[in-house]
Amino acid sequence: MAPIYDIHGAPPGVGVTPNGTIWTCEQTTKFQRSKGIFFGDNPLTFTLPVLILQTSLVGLLTTFLKFLLTPLGQSSFLPYVLAGLIMGPSVLGQFESINKWLFPPKSFYVNLKLLNSEIGQIAISAATVSGLVSAFELVGEHFLVGPIILGMAVPDGPPLGSALAERMDTLVSIVFLPLYFLFSGGRFKLFLLDTPGFLIVQVVAIFSFCGKVIGTMLPSIYFKMPVIDALSLGATTPIVKFLYDPSKSYLSLNRRRTIEHAPPNVELRLMACIHSQDNTPSIINVLEMSNPTQESPICFYVLHLVQLKGRSSPLFIDHQPTNKTNNPSYSSHSQHIINAFRSYEQQNLGHVLVKLYTSISPYETMHDEICMQLAEKRASMLIVPFHRQWIPNKITESAHRIRALNRHLLRTAPCSVGVLVERGTLSRNNPLTCVSFYSVGMIFIEGSDDREALAFAMRMANHPNVRVTVIRLMEPRMKSKNLMGRDPDGDMIHKFMVDYIQVKRHDYREEIVRDSVEMINVVRSLEGCYDLILVGRRHASESLLFSGLKEWNEYPELGTVGDMLVASDSTFDGSVLVVQQQKSLEIGVGHHDLHLDHAINYAKQEPSTIVEMPRYTKMRNI
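For clarity, every value in this text was computed on a predicted model and none was experimentally measured.

Asks: Hey, could you go over helix H15 (residues 400-412) for me, with residue numbers and the actual values?
Replies: With 13 residues, H15 extends 19 Å between its outermost C-alpha atoms, agreeing within 8% with the 18 Å of an ideal straight helix rising 1.5 Å per residue. For H15, every residue scored as buried is listed here: Ile402, Arg403, Leu405, Asn406, Arg407, Leu409, Leu410, Arg411 and Thr412.

Asks: Lay out the pattern of salt bridges with the relevant residues and their values.
Replies: All told, the structure shown has 11 salt bridges when counted by the stated rule. The residue arginine 403 makes a salt bridge to glutamate 557 at a minimum N-O spacing of 2.8 Å. One end of the pair, arginine 403, is in helix H15; the other, glutamate 557, is in the loop between strand S15 (532-536) and helix H20 (559-566), and 154 residues separate them in sequence. On the basis of relative accessibility, which here comes to 14%, the residue arginine 403 falls in the buried class.

Asks: Talk me through the sheet that holds strand S4 (residues 268-274); I want residue IDs and the actual numbers.
Replies: Read from one edge of the open sheet, 11 strands run S6-S7-S5-S4-S8-S11-S16-S15-S12-S13-S14, paired in mixed fashion. Each edge of the open sheet carries a strand with a single partner, namely strand S6 (315-318) and strand S14 (507-512). Neighbouring strand axes in the sheet, compared pairwise and without regard to direction, differ in orientation by 20° on average. Bridge count between strand S8 (residues 381-385) and strand S11 (residues 416-421): five bridges; the pairing is parallel. Note on S11: the bridge partner recorded for isoleucine 383 is glycine 418. In this fold helix H16 (residues 448-461) packs onto S4, strand S5 (298-307), S8, S11, strand S12 (438-444), strand S13 (466-474), S15 and strand S16 (575-580), with an angle of close to 150° to the strand it touches most, S15.

Asks: Got a sec to walk through the packing of helix H14 (residues 366-377) against H15? Specific residues and values, please.
Replies: Axis separation between H14 and H15 bottoms out at 9 Å; the angle between their running directions is 40°. Between H14 and H15, the angle is such that the two are oblique. In this structure, H14 crosses over H15, and the sense of that crossing is right-handed. Contacts between H14 and H15 involve Met366, His367, Ile370 and Cys371 from the first element and Leu405, His408, Leu409 and Thr412 from the second. In the contact of H14 with H15, the residues fall into five nonpolar, three polar and no charged.

Asks: Run through the nonpolar core, naming residues and quoting values.
Replies: Formed by 53 residues in total, the largest nonpolar core has its most connected members in Ile370, Leu382, Ile443, Leu473, Met519, Leu565 and Val566. Of all the elements, H14 adds the most residues to this core, at five residues. Those residues in contact with valine 566 that lie beyond four places of it in its chain are Phe386, Trp390, Val421, Arg423, Tyr555, Leu558 and Val576. Membership of the second largest hydrophobic core comes to 49 residues, among which are Leu270, Ile274, Val354 and Val468.

Asks: Could you give an account of empty space enclosed by the protein, naming the residues involved and the relevant values?
Replies: What the rule picks out here adds up to one cavity of 30 Å³ or more. By volume, the largest cavity is sized at about 50 Å³. Lining of the largest cavity is provided by Asn279, Ser282, Ile283, Pro385, Phe386, Arg388, Gln389, Leu420 and Glu422. Going through the elements one at a time, helix H11 (280-289) and strand S9 (388-391) are the ones with two or more residues in the lining of the largest cavity. Across the lining of the largest cavity, the residue classes tally to four nonpolar, three polar and two charged.

Reading the values: the criteria
Residues numbered from 1 in each chain as written. Predicted model: local features only at pLDDT ≥ 70, side-chain atom pairs only at ≥ 80, totals over all residues. Heavy atoms only, no water. Helix = DSSP H or I, 4+ residues; strand = E, 2+ residues; numbered from the N terminus. Expected span 1.5 Å × (residues − 1). Buried < 20%, exposed > 50% of the residue type's maximum accessible area, 1.4 Å probe, protein only. Salt bridge = Lys/Arg side-chain N within 4 Å of Asp/Glu carboxyl O. Pairing = 2+ DSSP bridges. Axes fitted to C-alpha atoms, helices over the stretch in contact; angles between N-to-C directions. Contact = heavy atoms within 4.5 Å. Parallel < 35°, antiparallel > 145°, perpendicular 65-115°, else oblique. Left-handed = near helix turned anticlockwise from the far one by under 90°. Nonpolar A, V, L, I, M, F, W, Y, C, P; charged D, E, K, R; others polar. Core = buried A, V, L, I, M, F, W, Y, C linked by side-chain atoms within 4.5 Å. 1 Å grid on protein atoms, 1.4 Å probe; cavity = no way out; pocket = protein on both sides within 12 Å on 5 of 7 lines; lining within 4 Å. Points joined across faces, edges and corners; volume = space filled by probe spheres on them.

Structural data, given as structure tokens:
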């Protein structure tokens, strides 16, 4: 080893070799913990507190940069790089006091003591294989070639790829990756860049970008692709985010896709989304109640939604028996769901045609995939499970991303949407093993959503094992108005009374309610009466029946009445299907719904009305 000479004026432990290499010598001691500032210790002189402080600072800075750059369409890679540069000698490292206490050399070589943990075992296994593959370094290749080849060798998706991503993603992306960029940024000095070299690199980058865009656009335009789409195909992420809107392929539809406007005695197309096999029994029960017959069959599309993990690109799988290209590792995710719906289809041959798919994609863009499938399949209604499930003696709540997905679908779906809140009443029935009987209630107030819910209830009323009761809540002025002229709501109610009331098992009743308190009283009286209640999601906000209620909705995606039945203080124990009819073409699909955008608008300046929650009263028969 070449001799090391002291540098005049440098701190102890810093020297230089004859070839100009600067060496820093650190005293190695047994790993010690700080006693704390109250016992006279400076925590920044110990390795572990410094490492924790570094991890916290770079994590907070990365999170802040993600918050700023994510709306611009940037991936998480750029915030990591910028955080490393800011924390390095180019910015914060310029301050001697910060550089001395926050970035001592010994802090970069600390042992985290994770070898005996589950993460440590996985990391050691991966590092061992990666180290073997990194033998490419012996023939002149960069050491990163080994890990890249290892990543290419690991099969994507389940079981191995997803398991590795699920176990290691949090630790790697939150701790190790920011620390890696902090370590890399600590060796990068921005002020050493020379202007001529920087300008040359930028000119090459600009010409390369233009060549990429032109080379992508010309073949695309030749094959009749729209210019905007062709430009988006070759542009960078922020430009693509600004130019390309995937929703235009389904938002431009000009035909109504609803149950109310569906022609009678023709095939009805429905689609259901399933997140796990626990959703399967309730969806099959709703399908059974929908009364598929030989004269009016149902084509039922089942879309199993799986979060993208362990692979980089989304995947859409068709589980039709004629499709022989399915990967068994992906089909295993949906096998129990496939078996259940195939069994139901076999029991109802000629009445039901079930088509099953699996969509593996990020939750952030999953609504676009679903809406494109709805437009392609021309479905009249989409049924999605609520993000909360009621299991006996237990309530389970799914991740926030499922609730966000439902809200996106309510905004943009090119057909009607039904949010199914399963509280255990439907799961107890099994149409696959026994004959099931259902009691269905429908609360009708006014509006297109209530008409859509009533149209669905009328289809259920044709089922011999379904008993439908329609409860219409009316204000006194609506009673007199209906006597003077007919309206769409009155026509729908009249059709139900003419076609179904003569059948003894069905019923219709009217309740005159003057304000929100009386409406709550009627709704609360339905406890224990029905297996399933259908309600519309949206109603006229100027009605006195909803005064002071919308501001306190716990679940705005369910509307006022649906929230009243499902809220945490409700004693109703039946399942609920909240229906939203496809939004009119004049309003436009995807328009902003303030009640969806904000759960509770506390900043509203209008005076709120305090509603006293009435006690339980049993509904009387009329």
